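# Fold and contact review
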Amino acid sequence: MAKKKKHIESEVVVTYKKKRGRPSGIDPMIAWHIEIDGEHMGYATSLNGVSSVLYDMGWKVWAYRRTPDKKGRPKFKARVVRFDKEKEL
């Protein structure tokens with residue numbers, strides 16, 4: 001039988017805001033917060049860094065769409081896809 005990869009499609013929301021907690025070392029206190037389907041996934045210092053973090057987690061990112069939040073802070077949304085292990089049909 002042929003094997004086919006099954007994919008998972010989600011939405012990532014990237015918001016530019018302050019980090020929670022105390023500063024540590026040279027870690028910046030303002031960064032891009034990464035959330036996939038409402039679950040916090042991490043931080044990045046640049047939008048390019050966001051793509052790298054998601055790629056390292058196994059997600060492939062499509063184009064970002066700019067959607068500022070209510071306070072006017074930068075916010076982006078994008079569709080992300082992750083392929084699961086090969087499954088038989």
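A short tour of the structure in this document, coming up.

Rules used throughout
Residues numbered from 1 in each chain as written. Predicted model: local features only at pLDDT ≥ 70, side-chain atom pairs only at ≥ 80, totals over all residues. Heavy atoms only, no water. Helix = DSSP H or I, 4+ residues; strand = E, 2+ residues; numbered from the N terminus. Buried < 20%, exposed > 50% of the residue type's maximum accessible area, 1.4 Å probe, protein only. Contact = heavy atoms within 4.5 Å. Areas by Shrake-Rupley, 256 points an atom, 1.4 Å probe, with all protein chains shown as cover. Pairing = 2+ DSSP bridges.

Now for the overall build of the protein chain. Within the protein chain, the secondary structure is distributed over one helix and six strands. Reading the secondary structure of the protein chain in the N-to-C direction produces β-β-β-α-β-β-β. Here the protein chain, with 89 residues, has 25% of them falling under the buried criterion. Nonlocal contacts in the protein chain, meaning residues at least 24 apart in sequence, comprise 43% of its contacts between residues at least 6 apart. A total accessible area of about 6,500 Å² is found for the protein chain, and carbon and sulfur atoms account for 52% of it.

Turning our eyes to something else, we now look at unusual backbone geometry. Positioned with a positive phi, aspartate 37 is a non-glycine residue whose angle comes to about 50°. In this fold, aspartate 37 is placed in the loop between strand E2 (30-36) and strand E3 (39-44). For aspartate 37, a relative accessible area of 55% corresponds to the exposed category.

Time to look at the pairing of E3. The pairing of E2 with E3 spans five bridges and is antiparallel. The partner of tryptophan 32 across the bridge, within E3, is alanine 44. Linking E2 to E3, which pair antiparallel, is a turn of two residues; within it aspartate 37 sits at a positive phi near 50°.

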